[in-house]
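# Descriptive analysis of the structure
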Amino acid sequence: MCGIVGIVGTSPVNQAIYDGLTVLQHRGQDAAGIITIDNNTFSLRKANGLVKDVFHTRHMKRLQGNIGIGHVRYPTAGSSSSAEAQPFYVNSPFGIAMAHNGNLTNAEALKERLFTKARRHVNTTSDSEVLLNILAYELGRNDKMKLDAADMFKAISEVNQQVSGGYATIAMIIGHGILAFRDPHGIRPLVFGKRETERGVEYMFASESVALSIDGFEFVRDVAPGEAIYVTEDGQFYSQICADKTMHAPCIFEFVYFARPDSNIDNMSVYATRVNMGTKLGEKIKREWADKDIDVVIPIPETSCDIALEIASVLNLPYRQGFVKNRYIGRTFIMPGQEQRKKSVRRKLNAIDREFAGKNVLLVDDSIVRGTTSAQIVEMARDAGAKNVYFASAAPEVRFPNVYGIDMPSAAELIAHGRDVEDINASIGSDGLIYQSISDLKDAVALENPEITRFETSVFDGQYITGDVNQDYLNRIDALRNDSAKSTREKAMSASLELHNQETGEGE
Ligand SMILES: O=P(O)(O)OC[C@H]1O[C@H](OP(=O)(O)OP(=O)(O)O)[C@H](O)[C@@H]1O
Ligand SMILES: NC(=O)CC[C@H](N)C(=O)O
Ligand SMILES: [Mg+2]
């Protein structure tokens, strides 16, 4: 679940892109990159690490220009090599750079086709580099020296016909401008805003509206599913739906976990949807757990806090912050390996014993995925002296892999896979476990925008909205990307040479 930004400005955009990326950091902690255009030349800085560590003053000074795009990465395909950090660049036609959030489901076939049909070589294992080359190929089929909006939209229509999966994308083309597009299901979020200046209107695209607000851009609207928006270097704005069939089905996990609560996605306040999740789950607990003598509701920081507060209010029970979060440790779920994720939970969260001692506590989390957090947290609550430890999850059982931009490729790694609630309860060691139902989750989110009638919910129900995901595909992805396959590959690659190697000679 990466974060992307793009700005067509009237003055240098480097700082605004940097600031936008810092508030999207929760979407990707592995790598960051910014690319700008000045004098028909790209300047790129990308590397593994957090935004604050990747960009030093010397890089920022060189990222000149009034137009640029940026990316924070959480790998869902390929490797975590810095060569796969984004934005990606291709030199023909014109020179194109791209930042992509999402995951393609037919990247392998597209890569093959690119080679045989277009003799284009994709050097990394990243699906985003494939997407960039497909776009480049389609733009390059037009032999005009200067493409207009209709040419851009024709190319995107071709891209949408070939590419399958989730893609919220911002491309930047030398001599032209920014071309932003969202897949026909609108699985991954993408918004845009504008800012009036004395020199003209500036436009900004971002994964989440929070990036617009901190950069002083006024939110205009979400990019629609299948829509492409082209803003020229001098600020002319064009938009068009570039798919014959669109069906809006935003990823419901954005609301459960990924997005910041102060963002709006598809006209839904993420915060409000989380409060609604709390109301629904609170009511279910009231109905089904009348016999449990709960003393206190405790969230598992940070994402579940808004949900737990609402549950406490529905149950008319005290809400206590019984766990303190170490502000210097990032999100554990999006860390790359299970070993690191496991260690980080303990480093990240610590119990305040007096909030647990002798009490029946209800711990609340937004979701239980691998069970890394919940199993350790239940143990910590017991160590802190809790009498009974009950557990509530605001999302239903996560039983199926995700293929659209969340790195959950292996069903076997999911704690709920092949287990019922009793088994999971035993496995995390709680005295009772309750899950939100899928219909309550959908209702909780849709309440904020009744126009959205479908969501991408494959991790809960195994229904893949793009229609091209079958068991064979899932088996292949599992073999390629399960934790042990990934760590073997990463070890083997750690000493390999990269084509892109910005760090060299920079005294990192
Ligand atoms: O069952 P698991 O595999 O552990 O995954 C689920 C947990 O991971 C996430 O927290 P994370 O620490 O990533 O971020 P947060 O601080 O935003 O809650 C999520 O909020 C759950 O707590
Ligand atoms: N989380 C994402 O959006 C990842 C984008 C892309 N699939 C990558 O792995 O770099
Ligand atoms: Mg959490």
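Residues numbered from 1 in each chain as written. Chains lettered and ligands numbered in written order. Predicted model: local features only at pLDDT ≥ 70, side-chain atom pairs only at ≥ 80, totals over all residues. Heavy atoms only, no water.

As recorded in an unreviewed UniProt entry, the chain goes by Amidophosphoribosyltransferase and comes from Pseudoalteromonas viridis. The UniProt entry for the chain carries the following comment under Sequence similarities (unreviewed entry): "In the C-terminal section; belongs to the purine/pyrimidine phosphoribosyltransferase family." In its Pathway (unreviewed entry) section, UniProt records this for the chain: "Purine metabolism; IMP biosynthesis via de novo pathway; N(1)-(5-phospho-D-ribosyl)glycinamide from 5-phospho-alpha-D-ribose 1-diphosphate: step 1/2." (UniProt positions renumbered as here; feature names shortened; annotations may be inferred.)

## Some details on the side chain of aspartate 215
Counting through the fold element by element, aspartate 215 comes out in the loop between helix 7 (209–214) and strand 11 (218–222). The side chain of aspartate 215 sits in the buried core without any salt bridge; arginine 195 is the nearest counter-charge, 5.8 Å away. (Helix = DSSP H or I, 4+ residues; strand = E, 2+ residues; numbered from the N terminus. Buried < 20%, exposed > 50% of the residue type's maximum accessible area, 1.4 Å probe, protein only. Lys, Arg positive; Asp, Glu negative; His and termini not counted. Salt bridge = Lys/Arg side-chain N within 4 Å of Asp/Glu carboxyl O.)

## Quick look at the sheet that holds strand 16 (residues 296–299)
Read from one edge to the other, the open sheet built from 4 strands follows the order 16-19-20-21, with strand pairing classed as parallel. Each of the sheet's edge strands pairs with one partner strand only, and the pair in question is strand 16 and strand 21 (432–435). Averaged over all adjacent pairs, the angle separating strand axes in this sheet is 25°, with direction ignored. One ladder, built from 4 bridges, connects strand 20 (residues 388–393) with strand 21; its direction is parallel. The partner of serine 393 across the bridge, within strand 21, is tyrosine 435. Along the sheet face, helix 10 (residues 305–315) touches strand 16 and strand 19 (360–365) and points at about 135° away from the line of strand 19. (Pairing = 2+ DSSP bridges. Axes fitted to C-alpha atoms, helices over the stretch in contact; angles between N-to-C directions. Contact = heavy atoms within 4.5 Å.)

## Description of the environment of proline 225
Looking at where proline 225 falls in the secondary structure, it is placed in the loop between strand 11 and strand 12 (227–232). By relative accessible area, proline 225 is classed as buried at 10%. The spatial distance from the C-alpha of proline 225 to the C-alpha of leucine 63 is 31 Å, given a sequence separation of 162 residues. Apart from residues lying up to four places away in sequence, proline 225 is in contact with Arg182, Asp183, Pro184, His185, Gly186, Ile241, Thr246 and His248.

## Notes on the site of ligand 2
Every one of the 15 residues lining ligand 2 counts as a neighbour, but Met1, Cys2, Arg73, Gly102 and Asp127 are closest to it. Taking cysteine 2, its main chain carries an N or O atom lying 3.0 Å from a nitrogen atom of ligand 2. Within the side chain of aspartate 127, one N or O atom sits 2.7 Å away from a nitrogen atom of ligand 2. Notes on ligand 2: free accessible area 300 Å², of which the protein chains cover 100%. More than half of the atoms of ligand 2 fall within 2 Å of the grid points belonging to the largest cavity. Elements with a contribution of two residues or more to the shell around ligand 2: strand 6 (96–104) and helix 5 (127–140). Taken together, the residues that form the shell around ligand 2 break down as 5 nonpolar, 8 polar and 2 charged. (Near = heavy atom within 4 Å. Polar contact = N/O pair within 3.5 Å; in protein donor to acceptor, adjacent residues only side chain to side chain. Areas by Shrake-Rupley, 256 points an atom, 1.4 Å probe, with all protein chains shown as cover. 1 Å grid on protein atoms, 1.4 Å probe; cavity = no way out; pocket = protein on both sides within 12 Å on 5 of 7 lines; lining within 4 Å. Sits in = over half its atoms within 2 Å of the grid points. Nonpolar A, V, L, I, M, F, W, Y, C, P; charged D, E, K, R; others polar.)

## Focus on the packing of aromatic side chains
Applying the stated criterion across every chain yields a total of 17 aromatic pairs. With a centroid separation of 5.9 Å and 40° between ring planes, the pair formed by tyrosine 74 and phenylalanine 258 is classed as tilted. Here phenylalanine 258 lies in helix 8 (residues 253–258) and tyrosine 74 lies in the loop between strand 4 (67–73) and strand 5 (88–90), a separation of 184 residues in the sequence. This pair shows no difference in class: tyrosine 74 is buried, exactly as phenylalanine 258 is. Plain terms: the ring middles of tyrosine 230 and tyrosine 238 are 6.1 Å apart, the flat faces sit at 20° to each other, and that makes the pair stacked. Clustering of aromatic rings is evident, with ring pairs tying together Tyr74, Phe253, Tyr257, Phe258, Phe333 and Phe460. The side chain of lysine 46 reaches across the aromatic face of phenylalanine 88, ending 4.4 Å from its centre. (Phe/Tyr/Trp six-rings, centres within 6.5 Å; stacked < 30°, edge-to-face > 60°. Lys NZ or Arg CZ within 6 Å of the ring centre and 35° of its normal.)

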